[in-house]
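Spelled out, the chains give:
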Amino acid sequence: MKRTLAMLLAGGQGSRLGILSSKRAKPAVPFAGSYRIIDFTLSNCMNSFVMNVGLLTQYKPVSLIEHIGTGQPWGFVGRQRKLTILPPYAAENEMDWYKGTADAIMQNLSFVRSFNPERILVLSGDHIYHIDYRKMVQFHKDNGADLTIAVMRIPKEDASRYGIVQVDRSNRVVGFEEKPTYPKGTLASLGIYIFNTKILIRRLSEDVNMSTSHDFGKDILTRMISLDKVFAYKFSGYWRDVGTLQAYWQTNMDILKPESGLDIFHWNLRTNPNDRDIGDRVPAFIGNSAKILNSVISVGCKIEGTVENSILSPGVSVKKGAIVKNSVVMHDVAIAEKSMLNFAIIDKDVIVEREAQIGLGKARANRMYPQLLDGNISVIGKSSVIPAGIRIGKASIIFPNVSYKNFKSENIETGSTIFYVNND
Amino acid sequence: MEKVCAYVLSGDGSKDIVNKSPIGADDPKERSNRAIDFNDGSEDFGPLTFVRNKSALPIFGMYRIIDFVLSNLMNSDIENVGIITQYLPGSLMEHIGIGIPWDFVGFGRKCRVLPPFYDRTSMQWYKNPYDGIKKNLFFAKNAQADDVLILSGENVYTFDYRPLIDYHRMNDADITVVVKKMKVEETAGKLGLVRFDKKGRITSYIENPQNIKSDGFASIGIFLFRYSVFSTVFGQCKLSGTKDEALTELMKSVKKFKTNVYITEEEWYYIRDVKEYFSINSDFLKEERVKELDKWNIRTSLEDRNTGFRPSSIIGAQSHTKNIFLPKGCVIDGFLENVILSPGVIIENGAEVNNSIIFHDVIVHSGAKINNTIIDKDVKIGEGAIIGGDKSITIIGKGTKIKKNSIIPAGTLIQPQETV
């Protein structure tokens, strides 16, 4: 894998994750208690012995850059190992943001050339999966391919949400459509590509002068299918795009179901232990009055209440008499006595005060953002305070930093949205 | 700025390891089933220290004992640390590495394990930890230290050494010995009794005093030396006896220097035997104590058995958990009360564990019942096995396999790597 350079696209906003990604890039969204989404791709690189990674950032990269550091947790530090963060930059002639995924790589061609790689592994930082890229590289070599695309069979009804690949009998790709209204198959592209460097550089250079959207899926792939040898590598393990809040919640819950195929215990995942000092936190303490069923509990948690079917990140405290059900609770959230959470995604540093209740009533769509929330789940933004005794219905959105003054009533109906307004 | 370097004395196994341990016994049954009496005051950890040095003993689920002293040094900005070690140092060396977890890496910072060695003129082990310092005087010299701190790696406490250093310098002392008020029963036959005058100058030192009648001050194994005095004292003293004899000799020779006490009221634990080890662990299974641990900022090696990188633990749908320390990487689906778990422990559905300490990567299969037991790393407990009882602590050595439906009575001590 010495001759393979990974280019990891981590600039996406993930707008359908709503307030979870309003302050951080989608790859930096916490997942599975102590990880962030990008840890899965970085760990895959580590476990596949990829030694050099270029990480392309654009949207709110602070959390992400902080998290990744030098790449040391994933072994990307050493004489021949390196992780380089590639933010957008101003050049002599141009001062441009990355216009698309292909453009992001085009603008870093000198970086790519400095490694003189035979192949480039193009990855996305926002998927949850476990793969050995070495096998895919072998497949690529065996077929003498110019480009190999990892694909997976998906249910027919989901096909219009993905890039759909058509293949012939020898797995050669003969067609590609991005999010087709009428899909011509059920093989979805997983956003994992292996390019021969020379061909990629040629096609990217051609693309620069064309009036396209400079996107891999739409432009480069379509052109390469007609001009070059493009193959599909069939992947059959667990792979999820956690692009929506519903998918984010469901994928978290999959950890609790061994039959789902999401097996965080055997994937040798790594994360940055300095991030919020999670590596140095004391073991979780489960107290005398605690009742915990079917849940993920991280270090630094202090549990005296009831926790069921939930995922708790480091440092969460659940006080006596509090009930947490079907929820994803991020770092250092404090849940006070006799409060109740059901179907909630709670961002970091939220304080839920005594007897506050979240997730009451029936499932519905959020009135203001029906495209984000349509069902049981509510989302509470980072550092909000949920005042004592307040009752919040299902499918509600509470924005980050919301506090006492922003709540106009004790009863927040289902499907409501509460914004942060600074009244001072 | 003036510089301080520290020597940390890592522990041995037990005081009387050769005579008390059943290693030499030929009959495997006798080896596996020797019941021991931990009440006799001997410093015996049974099979827990057959595989590792005492300061490398796991504690509170995810730490090793030496983490406390190393974290204290880190939190006190002391950046040059030499570790004197001789007895089974493998686990310890693996754990400490080059000291990354405690920030001992970088310009002017250093953490080194100092093993015994031979040269052209002698082929001697360290006769005791202080002899180990005598043979490694170069470490303090190379660090260009103005003052030298000598610490024991087997104690559990949190301490900021900086006020001690300030006090030592303010008094222009040659040696400062940290003392703590102790009851008669805590000191008699166990600690070093220190008497001093009104100015805090030490007048006498008695190691393991037998006949004392009133409470007094005892040394808690923290010594600060002016470098010139350090090199003179350690250069001249013979230090050839046991650890206690060497310390007595050292304290005799420091009389001609300006030797003061520094009184502390910090909590301080010297874990002498399995019983004390067991009780300090259970002592911390309380919410207030966990908060203290939180505040202390204790660091440990995250690479050691990959502890820092394991996933968050999962508690299953049929479990019962009360009063538990739960670090990373555990999968728990049984009945647990008052248990300290270490990373990677798997407790299957239907297993029952009470009042026990379980080390890394132990698997307890369905239907097993465990009570009042310490289970070392990598042990597999077969289905339906019944282990331990209230009467006395049971210890299962590292890597041992307990067969299906075995019964291991209370107080049994099982060798590492056995199959029972």
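What counts and what doesn't
Every chain's residues receive numbers from 1 upward, in the order its sequence appears when written. For this description, chains carry letters from A and ligands carry numbers from 1, given in the order in which they are written. Whole-chain, interface and lining totals are the exception, using all residues; otherwise, since this is a predicted model, local features are given only for residues with pLDDT of at least 70 and side-chain atom pairs are given and counted only at 80 or more. In computing side-chain values, all of the structure's heavy atoms are included and hydrogens and water are not. Going along the chain from the N terminus, every DSSP run of H or I of four or more residues is numbered as a helix, and every run of E of two or more is numbered as a strand. Here's how the labels work: a residue is buried when its accessible area is under 20% of the maximum for its type, exposed when over 50%, partly exposed in between, all with a 1.4 Å probe on protein chains only. Only heavy atoms enter the contact rule, under which two residues are in contact if any of them lie within 4.5 Å. Only the protein chains shown count as cover for residues, and the accessible areas themselves come from Shrake-Rupley with a 1.4 Å probe. Positive residues here are Lys and Arg, negative ones are Asp and Glu, while His and the chain termini are left out of the count. We put the charge of a Lys on NZ, of an Arg on CZ, of an Asp on CG and of a Glu on CD. Accessible-area loss on putting two parts together, using a 1.4 Å probe and summing over both, is the definition of buried area adopted here. By definition here, a salt bridge exists when the distance from a side-chain nitrogen of Lys or Arg to a carboxyl oxygen of Asp or Glu is within 4 Å. Any two strands between which DSSP finds at least two bridges are classified as paired. Any residue with an atom within 4 Å of a point lines the site, the site being either a cavity, points on a 1 Å grid over the protein atoms alone where a 1.4 Å probe fits but cannot get out, or a pocket, an open set with protein on both sides within 12 Å along at least 5 of 7 lines. Grid points are joined across faces, edges and corners, and a volume is the space filled by probe spheres set on the points. Residue classes follow a fixed rule: Ala, Val, Leu, Ile, Met, Phe, Trp, Tyr, Cys and Pro count as nonpolar, while Asp, Glu, Lys and Arg count as charged, and any other residue, Gly among them, counts as polar. Among buried residues, those of type Ala, Val, Leu, Ile, Met, Phe, Trp, Tyr and Cys that are joined through side-chain atoms within 4.5 Å constitute a nonpolar core. Every residue gets a pLDDT, meaning the predictor's confidence in that residue, from 0 to 100. Side-chain rings of Phe, Tyr and Trp, where Trp is taken by its six-membered ring, are said to pair if the distance between their centres is within 6.5 Å; with planes under 30 degrees apart they count as stacked, over 60 as edge-to-face, and otherwise as tilted. By definition here, charges over rings are those cases where NZ of Lys or CZ of Arg is within 6 Å of the ring centre and within 35 degrees of the ring normal. Cysteine sulfur atoms are paired as a disulfide whenever they fall within 2.5 Å. Pairing of N or O atoms within 3.5 Å defines a polar contact, subject to two protein rules: one partner must be a possible hydrogen donor and the other a possible acceptor, and residues neighboring in sequence count only if both atoms are side-chain atoms.

As for the overall build of chain B
Point 1. In terms of regular secondary structure, chain B is built from 12 helices and 29 strands.
Point 2. Dimensions of chain B, computed from C-alpha atoms along their principal axes, come out at roughly 65 × 50 × 45 Å.
Point 3. When burial is assessed residue by residue, chain B has 57% of its 420 residues classed as buried.
Point 4. Put simply, of all contacts in chain B between residues at least 6 apart along the chain, 57% involve residues at least 24 apart.
Point 5. Accessible surface computed for chain B: about 17,300 Å², of which carbon and sulfur atoms make up 50%.
Point 6. Distance from the positive charge centre (54 side chains) to the negative charge centre (54 side chains) of chain B: 4 Å.

A few points about the interface of chain B and chain A
As a measure of interface size, the accessible area lost when the parts come together is often cited.
Point 1. On the side of chain A, 37 residues touch chain B, which itself brings 36 residues to the contact.
Point 2. In total, chain B and chain A occlude about 3,100 Å² of area from one another, counting both sides; carbon and sulfur atoms represent 57% of this.
Point 3. Lys-302 of chain A is paired through a salt bridge with Asp-294 of chain B; the nearest N and O atoms lie 2.8 Å apart.
Point 4. For the side of chain B that touches chain A, the element with the most residues is strand β16 (residues 320–326) of chain B, which contributes six residues.
Point 5. Sheet topology note: the strand β14 (residues 284–286) of chain A/β16 of chain B ladder contains three bridges and is antiparallel. Across the sheet, residue Phe-285 of chain A finds its bridge partner in β16 of chain B, namely Phe-325 of chain B.

Quick notes on the layout of surface pockets
Residue and element names in this part refer to chain A.
Point 1. Considering only enclosed or pocket space, the largest pocket measures out at about 1,200 Å³ in volume.
Point 2. As for the largest pocket, its lining consists of 41 residues, and the residues nearest its centre are Thr-101, Ser-124, Asp-126, His-127 and Lys-179.
Point 3. The set of elements that each furnish at least two residues to the lining of the largest pocket consists of α3 (101–106), β6 (119–124), β10 (173–178), β11 (187–196), α7 (216–227) and β13 (239–241).
Point 4. Taken together, the residues of the lining of the largest pocket break down into 14 nonpolar, 17 polar and 10 charged.

Some remarks on the nonpolar core
Point 1. In terms of nonpolar packing, the biggest core is built from 58 residues, with Ile-335 and Ile-386 of chain A together with Leu-326, Leu-341, Ile-347 and Ile-381 of chain B touching the most fellow members.
Point 2. At the level of elements, β14 and β25 (344–346) of chain A together with β16, β18 (335–341) and β20 (352–358) of chain B are the ones that each hand at least two residues to this core.
Point 3. Considering every element that reaches this core, the biggest residue donor is β18 of chain B, with three residues.
Point 4. Those residues in contact with Ile-386 of chain A that lie beyond four places of it in its chain are Val-350, Ile-351, Val-352, Glu-353, Ala-356, Ile-358, Ile-380, Ile-392, Ile-398 and Phe-407 of chain A.
Point 5. Core analysis: the second largest hydrophobic core is formed by 39 residues, Cys-45, Val-50, Ile-131 and Phe-139 of chain A among them.

Let's talk about the confidence of the model for chain B
Where the model shows low pLDDT, its predicted coordinates should not be examined in detail.
Residue and element names in this part refer to chain B.
Point 1. In this model, chain B carries an average pLDDT of 88, and 92% of its residues clear a pLDDT of 70 or more.
Point 2. Every residue in residues 14–42 is under pLDDT 50, and counting partners more than four places away or in other chains gives 49 contacts.
Point 3. Both scores are given for the predicted complex: the pTM is 0.90, the ipTM 0.89.

Considering the packing of aromatic side chains
Point 1. For the structure shown, the criterion picks out 32 aromatic pairs over all chains.
Point 2. The structure contains a cluster of three or more aromatic residues connected by ring pairs, namely Phe-31, Tyr-35, Phe-40, Tyr-238, Tyr-248 and Trp-267 of chain A.
Point 3. The side chain of Arg-240 of chain A reaches across the aromatic face of Tyr-238 of chain A, ending 4.2 Å from its centre.
Point 4. Just above the ring of Phe-309 of chain B sits the side chain of Arg-270 of chain A; from NZ or CZ to the centre is 3.8 Å.

Considerations on helix α3 (residues 66–75) of chain B
All names here are of chain B.
Point 1. Across the 10 residues of α3, nine count as buried, placing the element largely inside the fold.
Point 2. Within α3, burial applies to Ile-66, Asp-67, Phe-68, Val-69, Leu-70, Ser-71, Asn-72, Leu-73 and Met-74.
Point 3. Positive backbone phi, approximately 60°, marks Asp-77, located one or two places after α3.

With respect to the state of the cysteines
Point 1. This model, assessed by the stated rule, comprises zero disulfides over all chains.
Point 2. With no disulfide of its own, Cys-301 of chain A lies 13 Å from the sulfur of Cys-330 of chain B, the closest cysteine sulfur.
Point 3. The thiol sulfur of Cys-237 of chain B is not disulfide-bonded, and the nearest other cysteine sulfur, from Cys-5 of chain B, lies at 18 Å.

A look at the sheet that holds strand β32 (residues 391–393) of chain A
Residue and element names in this part refer to chain A.
Point 1. Ordered in space as β15-β18-β21-β24-β27-β32-β34, the seven strands form an open sheet in which the pairing is parallel. The strands lining the two open edges of the sheet, one partner per strand, are β15 (291–293) and β34 (411–412).
Point 2. Strand direction decides the pairing type here: strand β27 (residues 357–360) and β32, joined by three bridges, are parallel. Residue Gln-357 lies in a different strand from β32, and its bridge partner there is Arg-391.

Some thoughts on the environment of Ser-312 of chain B
Point 1. Tracing the backbone shows Ser-312 of chain B in the loop between α12 (287–296) and β15 (313–315).
Point 2. In sequence terms Ser-312 of chain B and Gly-329 of chain B are 17 residues apart; their C-alpha atoms lie 5.6 Å from each other.
Point 3. Once residues lying within four places of it in the same chain are set aside, the contact partners of Ser-312 of chain B are Ala-32, Gly-33, Ser-34, Phe-265, Val-296, Ile-297 and Ser-298 of chain A together with Gly-329 of chain B.
Point 4. Within the local environment of Ser-312 of chain B, its side chain forms a polar contact with the side chain of Ser-34 of chain A, the two groups lying 2.9 Å apart.
Point 5. Reaching out from Ser-312 of chain B, the side chain makes a polar contact with the side chain of Ser-298 of chain A at a distance of 2.6 Å.

Let's talk about the pattern of salt bridges
A pair can form between side chains of opposite charge whenever their charged atoms are brought close.
Residues and elements named next belong to chain B.
Point 1. If you walk through the whole model with that rule in mind, you get 41 salt bridges over all chains.
Point 2. Lys-54 serves as the salt-bridge partner of Glu-154, at 3.9 Å between the closest nitrogen and oxygen. Separated by 100 residues along the polypeptide, Glu-154 in the loop between β7 (147–152) and β8 (155–157) and Lys-54 in the loop between β2 (34–35) and β3 (58–59) bring together distant segments of the chain. Neither Glu-154 nor Lys-54 differs from the other in exposure class; each is buried.
Point 3. Arg-162 is the salt-bridge partner of Asp-160, the closest N and O atoms lying 3.0 Å from each other.
Point 4. The partly exposed category is assigned to Asp-160, whose relative accessible area is 32%.

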